Amino acid sequence: MTDKRVDPATGSAVTYTELVATYKKQYKRREIEDYWETCKPAKSKKSKAAAPAKESKPSKAAKPEPKAKAKAKAKAAAKDGKKEEKPKPKAKAAPKPETKTDDKVQMGKDGGASALAKLRTFGSCVLAEYVWLDADGVTRSKTMTMTARPLKVTDLKVWNYDGSSTGQADGHNSEVLLKPRAIFNDPFRGYPHVMVLADAWNAWDDQPAKNNTRAKCAETMDMYRSLDPWFGIEQEYTLMKPGKVGVKPSVPLGFNVDGSEPAPQGPYYTGAGYNVAIGRPVADEHYKLCVEAGVKISGINAEVMPGQWEFQIGPCRGIEMGDHLTMARYIMLRVTEKHKCVCSFDPKPAEGDWNGAGCHTNFSVTPMRVAGGYETIIKVCEAFGKVAKEHIAEYGEGNDKRLTGKHETCDINTFKYGVANRGASIRIPRDAEKSGRGYMEDRRPAANCDPYRVTQIIMKTTGECLSAETIEAGGKTHTAFVFIKPHANNEKVQALVKEKLTSEGLTVKAEGQIKSNVIDKKKLIDTHYGAIAAKAVLMKPKDLVVQEKAQEEFEKMFGVKWSKVMEDGLVFNAMDGAKKLGISPDELGKKYDALKKGETIIKFGGGFYCGKVDDIYVINGFYMNMRSKFTAPGTSIHYYEVEWPAEKMSWADFRGKLLGPTDPAAAPAGSLREQVYSKWEDLGLKAQPDTGDNGVHASASPFEALAERSNWLRASISKDPFGKALLASGIPLPLLTKEWFSDPSVDFEGGKKSLFDLLEDLDAAACLKKCKEIAVANKSK
């Protein structure tokens, strides 16, 4: 984008690239794109008189001719018989619409009432029309004065309204909250004013208010976001003659004044002309205003019945389908206010041999749009057939009057799909069959359907259909990350480990060395031991969660309650503990290594230890020494990426029998850690392994293995079978990479627990199931 537009926040003309550079640290790319669309084109600067094409620019020293000399030239021209041409009066410029950018308009977060109170006038303020759905699915709205034009929804305040007047609350407890979800330009009031699509939430329990179907839809779209759903909805509507106030109109705009029916349908569809394209001014104005608002409206046409029209919204991705259609419906209701007609979304507005009004929903996901996607379309159609009744229940009221098997519909009690068949429940375009990929059209939703309910169940059925195989495949194979620690990394140990792995039936997919300088530079060990490192350095004891059972064990071991030592300020992380004792972190590490398990050090959870050093209690005091063992010059690890059929060996046996427990002295005979422990001299090690230096590391669960392979090997989550299964289970990629891979404390089964601990030793299928349960339990956190 090389054209320049005026940034309302600064008044400067900038290119899109310059705009991105200015705001990239404050806003997301999509928000900046939306903002760019609101910027007006910059006016090009034109010279007052066009210079000859080859004439060079005048020098700075050049001066205009004196007036006297100019007059003399004029007289000379007159003597030569040339008339002196009088300058023509300039034509008056056409008046410009009052939509210019006001430099005084502030951009960003609304200052609220406290900021408004300090303003002398509200002349530079912004009006925001909040739009939401009431208990019956009808749009409502009210306006707020704000101090700034919002750039993103978080710039807007959560507002409220009287829910008892919209059927969403009782009079004695009527406050309902409006949470902003999308911002549109206000095409009625013009720049800088906006319209805000919001959804309703109970003020008393922060749960979705009655008929807030967007909340459930958003959850489903988020769950299957990896499928990247696209929607396009064809909204049919009928313009009606207004009757008495508050009474539902019954006569379409295109019907005769005497109440008689017009000529049979036929000429009206996509027609033109008086008494044919009835209501065009309404349809055209609506189209134009939707475009100005930023609604994704892609077309309009006159429909089969006189006074009946259609507008198309989309393509839209995920939740924005419902948002954009809801705002388009609201704009339509506003347009009809001045055209003295009523917009009806009734699925059968006129009885008799007339078409009904639908909301045909076009839909696709990534597997449908790629080569071979036609097979996926058929598979999803089959899945829709199995839950046809459940879908019909979500597709609008009074749909039985429309879905009769006549007028291009399939009977409401019948389900069928077909190519180019407009009498089917699902129509597959001919192009999709020819190209082997594309989309499908669900023709069943009624004109009055709730787009959030429609798209939610479509996505739910599709997601469940397509994810089942992916999840099943992800649970059939175990993939782990194994490495030899620096203190034991030599050729003899490498040969021992590989022989043990392969003899147990594991396949070595990859192996290699990672040197200490790479480990240090890329902070691989810090990411690997993320939770341990965080507890040792970043987190304070008050931020740590110690389970009740662990607290009881602490009291048994040290003879004092955990709550007491916390109250007395005797608990420190490793970094603060070293400062408290007046020693270096390395010196603290040596003291910590001398502690005895079961006497002076206790394990609270995975990577979570507390040891008594002198008179204080230190969390993960071993970490500094631990890190230096991996980053010391000249050292390295040797890794193996291994896999095996889940049915051949459980993860518990992989860790307990093949690898052995953390303490190699207690490892079962034949396990890797036992062999390295007992044969340490023959293997050429400098010292016998212990709990800290136990020779070999291996992932504690399929989930931890994915996190480790992502860190150490930069494995692709979306290409890994277990990773794909997690995504198919509805766990978003950002949640995995930004939170879960760092072993956070999560709410589960009545308490805060380590995520890695919850998943430890679970087989892949069970691990996937539990991950989904944990995600559901923490979805609102």
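Now for a description of the structure that goes with this document. Just so it is clear, the model here is predicted, and its values are computed rather than measured.

### Quick look at the overall build of the chain
Consideration 1: Looking only at helices and strands, the chain features 28 helices and 28 strands.
Consideration 2: The C-alpha atoms of the chain give 35 Å as radius of gyration, which overshoots the globular expectation for 781 residues (28 Å, by more than 25%).
Consideration 3: For the C-alpha atoms alone, the extent of the chain along its principal axes is close to 115 × 90 × 60 Å.
Consideration 4: Within the chain, buried positions represent 48% of all 781 residues.
Consideration 5: Long-range pairs, those at least 24 residues apart, make up 67% of the contacts in the chain between residues at least 6 apart in sequence.

### Comments concerning the pairing of strand 13 (residues 308–317)
Consideration 1: Burial analysis of strand 13 places eight of its ten residues in the buried class, which makes it a mostly covered element.
Consideration 2: The sheet contact formed by strand 12 (residues 297–302) and strand 13 spans five bridges and is antiparallel. By the bridge assignment, Ile 300 is partnered in strand 13 with Phe 311.

### Side note on the environment of Ile 392
Consideration 1: Turning to its location among the elements, Ile 392 is positioned in helix 10 (residues 388–392).
Consideration 2: Setting aside its immediate chain neighbours within four residues, Ile 392 contacts Leu 403, Ile 412 and Arg 444.

### Regarding the sheet that holds strand 3 (residues 40–41)
Consideration 1: Strands sit in the order 2-1-3 across an open sheet of three strands; the sheet is antiparallel. In this open sheet, the two strands that pair with only one neighbour each are strand 2 (13–14) and strand 3.
Consideration 2: Bridge analysis of strand 1 (residues 5–6) against strand 3 gives two bridges, and the strand direction is antiparallel. Residue pairing across strands places Arg 5 opposite Pro 41, the latter belonging to strand 3.

### Concerning the nonpolar core
Consideration 1: Core analysis: the biggest nonpolar cluster contains 65 residues, and Tyr 237, Val 295, Ile 313, Met 327, Ile 331 and Met 440 have the highest contact counts within it.
Consideration 2: Of all the elements, helix 7 (residues 320–339) adds the most residues to this core, at eight residues.
Consideration 3: Those residues in contact with Tyr 237, other than ones at most four positions away along the chain, are Ala 283, Gly 307, Gln 308, Trp 309, Glu 310, Phe 311, Met 332, Cys 343, Ser 344 and Phe 345.
Consideration 4: In terms of nonpolar packing, the next biggest core, distinct from the first, is built from 31 residues, Tyr 16, Val 126, Met 146 and Ala 200 among them.

### Description of the packing of helix 16 (residues 530–538) against helix 21 (residues 623–631)
Consideration 1: It is at 10 Å that the axes of helix 16 and helix 21 come closest, and there the two elements cross at 130 degrees. Of the possible angle classes, the one that applies to helix 16 and helix 21 is oblique. Taking contact as the criterion, the partners of Ile 532, Ala 533, Ala 536 and Val 537 in helix 16 are, on helix 21, Tyr 623, Met 624 and Met 626.
Consideration 2: Looking at the contact of helix 16 with helix 21, its residues break down into seven nonpolar, no polar and no charged.

### A few points about the state of the cysteines
Consideration 1: The final tally for this structure, using the stated rule, is zero disulfides.
Consideration 2: Among the cysteines around Cys 359, which has no disulfide bond, Cys 449 carries the closest sulfur, lying 3.9 Å off.

### Some thoughts on the packing of aromatic side chains
Consideration 1: Counted according to the given criterion, the structure contains 28 aromatic pairs.
Consideration 2: A centroid spacing of 6.0 Å and a plane angle of 55 degrees characterise the contact between Tyr 592 and Phe 622, whose relative ring orientation is tilted. Of the two residues, Tyr 592 sits in helix 20 (residues 585–593) while Phe 622 sits in the loop between strand 24 (616–619) and helix 21, which places them 30 residues apart along the sequence. There is no split in this pair, since Tyr 592 and Phe 622 are both buried.
Consideration 3: Geometrically, the ring pair formed by Phe 703 and Trp 740 is edge-to-face, given 5.9 Å between the ring centres and 65 degrees between the ring planes. Placement of Phe 703 in helix 24 (residues 702–712) and of Trp 740 in the loop between helix 26 (733–738) and strand 27 (745–748) is noted, with a sequence separation of 37 residues between them.
Consideration 4: The buried category is assigned to Phe 703, whose relative accessible area is 0%.
Consideration 5: Owing to a relative accessible area of 4%, Trp 740 belongs among the buried residues under this scheme.
Consideration 6: Three or more aromatic residues link up through ring pairs in this structure, and these residues are Phe 481, Phe 483, Tyr 529, Phe 630, Tyr 639 and Trp 712.

### A closer look at empty space enclosed by the protein
Consideration 1: Going through the model one piece at a time under the given rule, you end up with three cavities of 30 Å³ or more.
Consideration 2: Lining the largest cavity are 14 residues; nearest its centre among them are Leu 133, Ala 198, Asp 199, Ala 200 and Asn 212.
Consideration 3: Looking at the lining of the largest cavity, the elements that each hand over two or more residues are strand 5 (126–133) and strand 10 (194–202).
Consideration 4: Among the elements that take part in the lining of the largest cavity, strand 10 stands out by supplying four residues, more than any other.
Consideration 5: Looking at side-chain class alone, the lining of the largest cavity contains six nonpolar, five polar and three charged residues.
Consideration 6: Here the second largest cavity defines a volume of roughly 60 Å³.
Consideration 7: Surrounding the second largest cavity, Thr 477, His 478, Thr 479, Pro 702, Arg 709, Asp 720, Pro 721 and Phe 722 form its lining.
Consideration 8: Residue assignment for the lining of the second largest cavity shows that the elements contributing at least two residues are strand 19 (477–484), helix 24 and helix 25 (721–728).
Consideration 9: Among the elements that make up the lining of the second largest cavity, the one with the highest residue count is strand 19 (three residues).
Consideration 10: Split into classes, the residues belonging to the lining of the second largest cavity amount to three nonpolar, three polar and two charged.

### Observations regarding the sheet that holds strand 22 (residues 601–605)
Strand pairing within a sheet occurs via backbone hydrogen bonds; the two strands may be parallel or antiparallel.
Consideration 1: The strand order 21-24-23-22 describes an open sheet built from four strands, whose pairing is mixed. Because the sheet does not close on itself, it has two edges, and the strands there are strand 21 (571–573) and strand 22. Between one strand axis and the next, the sheet turns by 30 degrees as a mean value, whatever way the strands run.
Consideration 2: As paired strands, strand 21 and strand 24 are joined by three bridges and run parallel to one another. If you follow Val 571 over to strand 24, its bridge partner there is Tyr 617.
Consideration 3: Packed onto the sheet, helix 19 (residues 574–581) meets strand 21, strand 23 (608–613) and strand 24 and runs at close to 115 degrees relative to strand 21.
Consideration 4: Where helix 20 meets the sheet, it contacts strand 22, strand 23 and strand 24, and its direction lies at approximately 95 degrees from that of strand 23.

### Regarding the pattern of salt bridges
Consideration 1: Throughout the structure, instances matching the rule amount to 42 salt bridges.
Consideration 2: Here Lys 179 ties to Asp 206 by a salt bridge, and the two come within 2.8 Å at their closest N and O atoms. Here Lys 179 is found in strand 9 (residues 175–185), whereas its partner Asp 206 is found in the loop between strand 10 and helix 5 (214–223), with 27 residues between them in sequence.
Consideration 3: Overall, the relative accessible area of 18% leaves Lys 179 in the buried class.
Consideration 4: Take Asp 206: its relative accessible area is 38%, and that puts it in the partly exposed class.
Consideration 5: Here Glu 472 makes a salt bridge to Lys 476, at a shortest N to O gap of 3.6 Å.
Consideration 6: On the basis of relative accessible area, Glu 472 is assigned to the partly exposed category, the value being 49%.
Consideration 7: With a relative accessible area of 51%, Lys 476 lands in the exposed category.
Consideration 8: Sharing partners across several salt bridges, the network here consists of Lys 509, Glu 641, Glu 643, Arg 709 and Asp 720.

### Here we look at the side chain of Thr 220
Consideration 1: Tracing the chain through its elements places Thr 220 in helix 5.
Consideration 2: Setting aside residues no more than four positions away along its own chain, Thr 220 makes contact with Gln 456, Met 459 and Lys 460.

### Examining the packing of helix 1 (residues 16–23) against helix 2 (residues 29–38)
Consideration 1: At their nearest, the axes of helix 1 and helix 2 sit 10 Å apart, and the two run at 130 degrees to each other. Here helix 1 is positioned oblique relative to helix 2, judged by the angle of their axes. Helix 2 is crossed by helix 1, and the crossing has right-handed handedness. Facing Tyr 16, Leu 19, Val 20 and Tyr 23 of helix 1, the residues of helix 2 in contact are Arg 29, Ile 32, Glu 33, Tyr 35 and Trp 36.

### Remarks on the environment of Tyr 623
Consideration 1: By secondary structure assignment, the location of Tyr 623 is in helix 21.
Consideration 2: Given the relative accessible area of 3%, Tyr 623 is considered buried.
Consideration 3: Tyr 623 sits 34 residues away from Gly 589 along the chain, and the two C-alpha atoms are 7.3 Å apart.
Consideration 4: Once residues lying within four places of it in the same chain are set aside, the contact partners of Tyr 623 are Ile 525, Asp 526, Tyr 529, Ile 532, Ala 533, Ala 536 and Val 537.

Reading the values: rules and limits
- Residues numbered from 1 in each chain as written.
- Predicted model: local features only at pLDDT ≥ 70, side-chain atom pairs only at ≥ 80, totals over all residues.
- Heavy atoms only, no water.
- Helix = DSSP H or I, 4+ residues; strand = E, 2+ residues; numbered from the N terminus.
- Rg over C-alpha atoms; globule rule 2.2 N^0.38 Å.
- Buried < 20%, exposed > 50% of the residue type's maximum accessible area, 1.4 Å probe, protein only.
- Contact = heavy atoms within 4.5 Å.
- Pairing = 2+ DSSP bridges.
- Core = buried A, V, L, I, M, F, W, Y, C linked by side-chain atoms within 4.5 Å.
- Axes fitted to C-alpha atoms, helices over the stretch in contact; angles between N-to-C directions.
- Parallel < 35°, antiparallel > 145°, perpendicular 65-115°, else oblique.
- Nonpolar A, V, L, I, M, F, W, Y, C, P; charged D, E, K, R; others polar.
- Disulfide = S-S within 2.5 Å.
- Phe/Tyr/Trp six-rings, centres within 6.5 Å; stacked < 30°, edge-to-face > 60°.
- 1 Å grid on protein atoms, 1.4 Å probe; cavity = no way out; pocket = protein on both sides within 12 Å on 5 of 7 lines; lining within 4 Å.
- Points joined across faces, edges and corners; volume = space filled by probe spheres on them.
- Salt bridge = Lys/Arg side-chain N within 4 Å of Asp/Glu carboxyl O.
- Left-handed = near helix turned anticlockwise from the far one by under 90°.

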